[in-house]
Structure formats: structure tokens, C-alpha cells
Amino acid sequence: MLRDSFGRVATDLRVSLTDRCNLRCSYCMPPEGLDWLPKPELLTAEEIVRLVAIGVERLGITEVRYTGGEPLLRRELVDIVARTTALAPRPQVSLTTNGIGLARLAGPLAAAGLDRVNVSLDTLDRETFVKLAHRDRLADVLAGLAAAEAAGLRPVKINAVLMRGVNDHEAVPLLRYCLDKGYELRFIEQMPLDAQHGWRRENMITADEILATLQASFDLTDADPAERGSAPAELFLVGGGPARVGVIGSVTRPFCGACDRVRLTADGQIRNCLFATDESDLRAAMRSGVSDDELAERWLAAVRIKKAGHGIDDPAFLQPSRPMSAIGG
């Protein structure tokens, strides 16, 4: 198993398929975009499936989440999903996406065995969407959500980041929209993972603020804590249930003690935390011809040195050099 020195076991693998994205969300990257990884540095589809198979078949991975950048931009995505769901034991396979292109791909992905999707949606207002993402694509995201629901990729989960003075007034409308559509909403605190390194704690909408806003309009009660397990979201029943809303307080309510995640970047680096400053290179080892056994040993060694927590409250905290788009959620 992928066990660290604190006894935590990683069973949830997040795999970035590309660092490219077709939006320019201000909490992630500048409007002009970033210098993308050269194609030769990216893992091929064969390499991705090989590493995922090692994780599932040898190291106890039970859930695989494909991320980016924007994973729908990866041409081999449907094939990668199909080959992942064919592994034994079969992992749960999900996708985090901005939803652009999902209207076209939801059906093929469901047919390939994809279990569910998480879609980023920070606003229901077209002008605010353009201000946040620097692209006029709100209609495409909403169409993608509807297609995912129709394809049976349930529960369709929505991830929303609130930014002070931009969309922080939309917490209640977003939850009403999700309740109406049958989607599950998760609010996520803005994290220090932007390429511009412009994150400031005082500008962040905290979990406490989000909950106070929601509680003014909805009856929220704590969901069963046992149901949360190692999941990052604190869950609350809306109006007694069964509808739920989640709040992910990555900064102010860290859940590092129960973390079961490990990440594989699009260029083949193992990261044992979103905020890690060190990586372990599996791509170079794989391309040098080492065996699956050796790759598994390198992976085990990488996870073994995972730190106790992300350390954002430590005065010595350094934001990782890679932004979120280059790490993978």
C-alpha cells in the first residue's frame, strides 16, 4: 500500500492529462495564459495507463480522478477511461472538468465506463463568467452539465470558488440552481495555487463566511461525519435532506490528517500534496526502461515522505512553483 510515515494510506489517485486549458480563470492563471508543457514531456496514453495500472493492481488505488488543466482537451481521453475501467480490480473513475466540450463527450465517456463528473462553475451570470474566466463560454458549461446528467454520470457535482467582490454574492443562487437541477454543489476556498502568486488570505472567502451566507437562506444540518470519511468536503443536509451541499475549507479547515490522495502530473511526476515543493519523477525512470516493480518501489518511496500537513499557516510556507493547471486537481 501507499502508506506514509504518519500511517495514512493513499487510495485516491488524481491524474492530470494535460496542463492546457481553454479558460483563463483568474484564480488559476493570467488572461494571456501560460507556457504549456512541450508535447514530448507529456506522458503518452500508454504511459498513463501503465502507471495507473501499477497503482490499481499493485499499490491499492481504488479511485482514479482524471484532471487537468482541462482533461477534455486530451484526444485520447475516452480510450484512457475505457482502459482504466477495464482494470481489475476495477477502480471508481471520475473526471474534473470545466464542462466545455462535455455536451459532446458525456455520452462516449459514460459508454467507456466513467462513473461521474465534477464540473467547475463559479457563476450563473454571463458577464461575471467572462470577467472570471476571460472567455464567453457559460452556455457551453451549462449544456455540458445537462449532458452529463442525461448520460447518467451521477451525481453531477459542481465545484465553485467564491472571490471577494467578484462572485461572492452568488452563493445562494448557485445552491438554488443546483437544488433545482439535482446537482451536488461544493464550495472550495480559494487556494494559493495561482500562477501569478497573487493569493492573499485576507481576500479569500472562508468556509465560515460561506456557511454563514448559506445558513441565512437555508436550513443546514451536519451530515453524518462517518459518511465524509477522507473526503475533503464537509457535507450539510439542505432542509433535512436528501439534498446536500459541501464546503471544502482547504485553507482554514485543513483535512490533512485524513488525506488519502496522491497526484500524477501530466509530465509524469508524483506529488503527494497539492502544495508539495518536491516531486518524484516516474517518467524518466519509465522511459529508461525500468520494470513495473521498480516503478512501484519509486512510487512507494515518494509517498513515504509525505509531510503531516500542507503548512499554509506556517510562516515559512512557500507557494509551489507549479500552478493548479500544471499540478492537476
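For clarity, every value in this text was computed on a predicted model and none was experimentally measured.

Engineer: Sorry, what's going on with the layout of surface pockets here?
Structural biologist: Where empty space is left becomes clear once a probe the size of a water molecule has been rolled over the atoms. In this structure, the second largest pocket encloses a volume near 350 Å³. Along the walls of the second largest pocket sit 13 residues, with Lys 39, Leu 42, Arg 74, Arg 75 and Glu 76 positioned nearest its centre. Considered class by class, the residues forming the lining of the second largest pocket number six nonpolar, two polar and five charged.

Engineer: Would you explain the pattern of salt bridges in this entry?
Structural biologist: Pairing between side chains becomes possible if they bear opposite charge and their charged atoms approach one another. Taken as a whole and judged by the stated rule, the model has 21 salt bridges. The salt bridge partner of Asp 4 is Arg 8, with a shortest N-O separation of 2.7 Å. You can call Arg 8 buried: its relative accessible area is 9%. Taken together, the shared-partner salt bridges in this structure form one network comprising Glu 46, Asp 79 and Arg 83.

Engineer: What should I look at first to understand the sheet that holds strand β8 (residues 184-188) in this one?
Structural biologist: Strand pairing in a sheet relies on backbone hydrogen bonds, with the paired strands running either antiparallel or parallel. Reading across the sheet, the twelve strands line up as β9-β10-β11-β8-β7-β6-β5-β4-β3-β12-β13-β14 and stay open at both edges, with mixed pairing between neighbours. Every interior strand has two partners, whereas the edge strands, β9 (220-222) and β14 (280-281), have only one. In this sheet, strand β4 (residues 63-67) lies alongside strand β3 (residues 12-16) in parallel orientation, the contact comprising five bridges. If you follow Leu 13 over to β4, its bridge partner there is Val 64.

Engineer: It is not clear to me how unusual backbone geometry should be interpreted in this structure. Could you clarify?
Structural biologist: If a residue is not glycine, its phi is most likely negative; likewise, a peptide bond is most likely trans. For the bond running from Gly 68 to Gly 69, omega is 15°, close enough to zero to count as cis. Mapped onto the secondary structure, Gly 69 falls in the loop between β4 and α2 (77-85). Cis geometry marks the peptide bond from Arg 154 to Pro 155; its omega dihedral reads -5°. Along the chain, the position of Pro 155 falls in the loop between α5 (138-150) and β7 (157-160). Phi is positive for His 134, close to 60°, though the residue is something other than glycine. Tracing the chain through its elements places His 134 in the loop between α4 (126-133) and α5.

Engineer: I would appreciate a short explanation of the nonpolar core in the present structure.
Structural biologist: Among soluble globular proteins, nonpolar side chains are generally buried collectively. Of all hydrophobic cores here, the largest spans 95 residues; its most connected members are Tyr 66, Phe 187 and Trp 299. With eight residues, the top contributor of residues to this core is helix α1 (residues 45-58). Every residue in contact with Tyr 66, bar those within four places of it in the chain, is listed here: Val 15, Leu 17, Ile 48, Val 52, Pro 71, Ile 80, Val 81, Thr 84, Val 93, Ser 94, Leu 95 and Thr 96. The next biggest cluster of nonpolar side chains, apart from the first, holds eight residues, and it includes Met 204, Val 251, Phe 275 and Ala 276.

Engineer: Help me out: how do you make sense of the environment of Gly 144 in this one?
Structural biologist: Along the polypeptide, Gly 144 turns up in helix α5. In this structure, the C-alpha to C-alpha distance between Gly 144 and Gly 99, residues 45 residues apart in sequence, is 5.2 Å. Leaving out residues up to four positions away in the same chain, Gly 144 has contacts with Gly 99, Leu 102 and Ala 103.

Reading the values: the criteria
- Here the residue numbers are simple positions, counted from 1 along each chain's written sequence.
- In view of the model being predicted, local features appear only for residues whose pLDDT reaches at least 70, and side-chain atom pairs are presented and counted only at 80 or more, with totals across whole chains, interfaces and linings using the full set of residues.
- The side-chain figures draw on all heavy atoms in the structure; neither hydrogens nor water molecules are used.
- A pocket here means an open set of points on a 1 Å grid, computed over the protein atoms alone, that has protein on both sides within 12 Å along at least five of seven lines. A cavity is instead a set of points where a 1.4 Å probe fits but cannot get out; residues with an atom within 4 Å of a point line either one.
- Grid points are joined across faces, edges and corners, and a volume is the space filled by probe spheres set on the points.
- Classification used: nonpolar for Ala, Val, Leu, Ile, Met, Phe, Trp, Tyr, Cys and Pro, charged for Asp, Glu, Lys and Arg, polar for all others including Gly.
- The term salt bridge refers to a side-chain nitrogen of Lys or Arg lying within 4 Å of a carboxyl oxygen of Asp or Glu.
- Whether a residue is buried, partly exposed or exposed follows from its accessible area with a 1.4 Å probe, protein chains only, as a fraction of its type maximum: under 20%, in between, or over 50%, in that order.
- Two strands qualify as a pair provided DSSP detects at least 2 bridges between them.
- Put simply, DSSP H or I for four residues or longer makes a helix, DSSP E for two residues or longer makes a strand, and each gets a number counted from the N terminus.
- Nonpolar cores were defined as sets of buried Ala, Val, Leu, Ile, Met, Phe, Trp, Tyr and Cys residues, with membership established by side-chain atoms within 4.5 Å.
- Any two residues having at least one pair of non-hydrogen atoms within 4.5 Å are treated as being in contact.

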